[in-house]
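Here are the chains, one letter per residue:
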Amino acid sequence: MAGFGHFGRTYAALWVVRILFALYGTGYIHPDEHMQNAEITAADILGYYTFRSWEWDPIFPLRAIIPVYMTTGLPFFVAQKFYSTLSDQILRPATLFRLERLSFLCLSSLLDMSVALLVPLPMRSFALLLLSSSYVTHAFYIRPFSNSLESVIAALCLVFLNRIVEMGSSDSHEEAAKNGGAALHWNLHALCILGAFGASMRPTFFSFALPIGFQVLRFSYSTTGSVSRTGRLLALPLCSGILTMLCFTVTDALYYRGTPFHPVFPCLNFLRYNSSADNLAEHGLHPRWLHLFVNLPMLLSPWVWFLTISNICHCFKDSTHGSVGGTRALDITRETISQIIVFSLAILSSIPHQEPRFLCPIVLPAIVLVATSSRWPRKAFWVTWIVFNVVFAVVAGLSLRYFYLNTRITDNLSTSTHIIYWKTYMPPRRFLGIPQQEVQSGKVTVADLAGATESVLVDTLVSTGSETVYVVTPIAMFKSLPGNVASCFTLEKRIFPHLDLDHIQGTLEVGWYDGLTLGVYTVEQSCITSAI
């Protein structure tokens, strides 16, 4: 009881940390967490000015719309309806941020549930602690990445496979389908629907789902005893999966083409795009071994990575021993997990563009595999595990490319306004809080000068015809401007902290406080004209 109390307190504390990371962890890991999800729904549902990336081009779309509307679109819609009854204003950027994070925070709880259902006692608490203390949970799973949703669906598929095997093993081969028929069919339907959902969302999901499908097919045949009975058992569940894919196809056709009779297949476009080396070269090419020897250890920690590889080798040598519990369902789950890790690594490593987040669906299966092993880590493991995850959580979850929620320049857009971002990362457009119609009418102009030279900045300031001009730039970069130009700037707002990893030398020269501060300046145009 004392042990459970200690685990309960630790697990509850880790959930508090997860909630804090979700609501206040504004580290900017990758633009995809914004471009592939909430930037779309914020424009479609709330009417915000956003950036719609090339992946959403109606001519050649790469993204399905259903997962996006389910994860952030629905919370935005409900909140806007509720908010409109209290105020005429639309949702503020900070509210948007926390709504989308709360959505994925709730989804991350399904990962905990999956671990609890897959790992038997006494190692269930160990597995839950591994998952809840992993920086992947705090930095990736609570963000609107498609990889995060893919991880949840893969975990749930493992749960349903485990339940199917448990139900089939509880009776004789002749009576299994009869006695547990309703529950067995329900789980098969759920598994097929989830599989179709994941594959329609990201074709890479096939690499995680195919081993599960193989195990279902093999187990169904061993349970029914004949090919015809296996076909009858799986026919209706497969129809559910086909209907799910059809639902995706019709919805995407309506969204991109405006009619269900002009079908569009984003998942196939995804495969076509990523099969081109020229396309992948635009995003960066990596060696084939990067996933196995760098990205996976980076996600799991070197120790868990080694234990995972060791357990996979042991599982392939003897799939009926070496696990806690010794049940048939657990042995099949361990065997399936080993196949998932090997197969998905082989498939994903064949693609030369490799990012660590692509392997996020492997993290939970690896934790289950390690936790259900008879070779348990020693106490020294926790020291390295804690240090590893604290360091990566701070870097990935809080500091990396830090963007800011308080990006709304002004609530009053009564005059024409030009907002210029210089020497800093452009924040996700929806967090600017600018209605789309204001940009379309030309009343508000937003320019991203990125790392442009000072002369480009000055030319932009001179050529603008707007009555009010804002420049958003790190204070360290402002202090690098010539005195006659800088004198035309008036500091309106300081945003602290803002970590600028692109201009480290300039950041150090101005001191830690100014070096970690982003400035919002108004510019007097007549002064700029006379200065040059």
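This write-up is about the structure you can find in this document. (Residues numbered from 1 in each chain as written. Predicted model: local features only at pLDDT ≥ 70, side-chain atom pairs only at ≥ 80, totals over all residues. Heavy atoms only, no water.)

A few points about unusual backbone geometry
Working note: non-glycine residues mostly have negative phi, and peptide bonds are mostly trans.
Here comes step 1: Backbone torsion omega between L121 and P122 reads 10 degrees, so that peptide bond is classified as cis.
Here comes step 2: One non-glycine residue with positive phi stands out, namely S301, at about 90 degrees.
Here comes step 3: Note on placement: S301 falls in the loop between helix 14 (290–300) and helix 15 (302–317).
Here comes step 4: Note on S301: relative accessible area 4%, which makes it buried. (Helix = DSSP H or I, 4+ residues; strand = E, 2+ residues; numbered from the N terminus. Buried < 20%, exposed > 50% of the residue type's maximum accessible area, 1.4 Å probe, protein only.)

Concerning the state of the cysteines
Here comes step 1: Inspection of every chain in the model, using the stated rule, returns 1 disulfide.
Here comes step 2: Disulfide partner of C488: C527, at an S-S distance of 2.0 Å. Taking the sign of the S-S torsion, -70 degrees for the link of C488 and C527, the bridge is left-handed. Of this pair, C488 sits in the loop between helix 22 (483–486) and strand 4 (489–495) while C527 is found in helix 25 (residues 525–531), placing the two residues 39 residues apart along the sequence. Neither residue differs from the other here; C488 and C527 are each classed as buried.
Here comes step 3: This cysteine, C192, is not joined by any disulfide, and C157 carries the nearest cysteine sulfur, 9.2 Å off.
Here comes step 4: With no disulfide partner, C315 has as its closest neighbouring cysteine sulfur the one in C313, 10 Å distant. (Disulfide = S-S within 2.5 Å.)

Here we look at the packing of aromatic side chains
Here comes step 1: Per the counting criterion, the structure on display carries 25 aromatic pairs.
Here comes step 2: Taking the centre distance of 6.2 Å and the plane angle of 70 degrees together, the rings of Y69 and Y255 count as edge-to-face. Placement of Y69 in helix 3 (residues 66–84) and of Y255 in helix 11 (residues 227–257) is noted, with a sequence separation of 186 residues between them.
Here comes step 3: Overall, the relative accessible area of 29% leaves Y69 in the partly exposed class.
Here comes step 4: The partly exposed category is assigned to Y255, whose relative accessible area is 27%.
Here comes step 5: Site record: aromatic cluster; members linked through ring pairs are F126, W303, F381, W382 and W385.
Here comes step 6: Sitting above the plane of the W15 ring, R18 keeps its charged end 4.0 Å from the centroid. (Phe/Tyr/Trp six-rings, centres within 6.5 Å; stacked < 30°, edge-to-face > 60°. Lys NZ or Arg CZ within 6 Å of the ring centre and 35° of its normal.)

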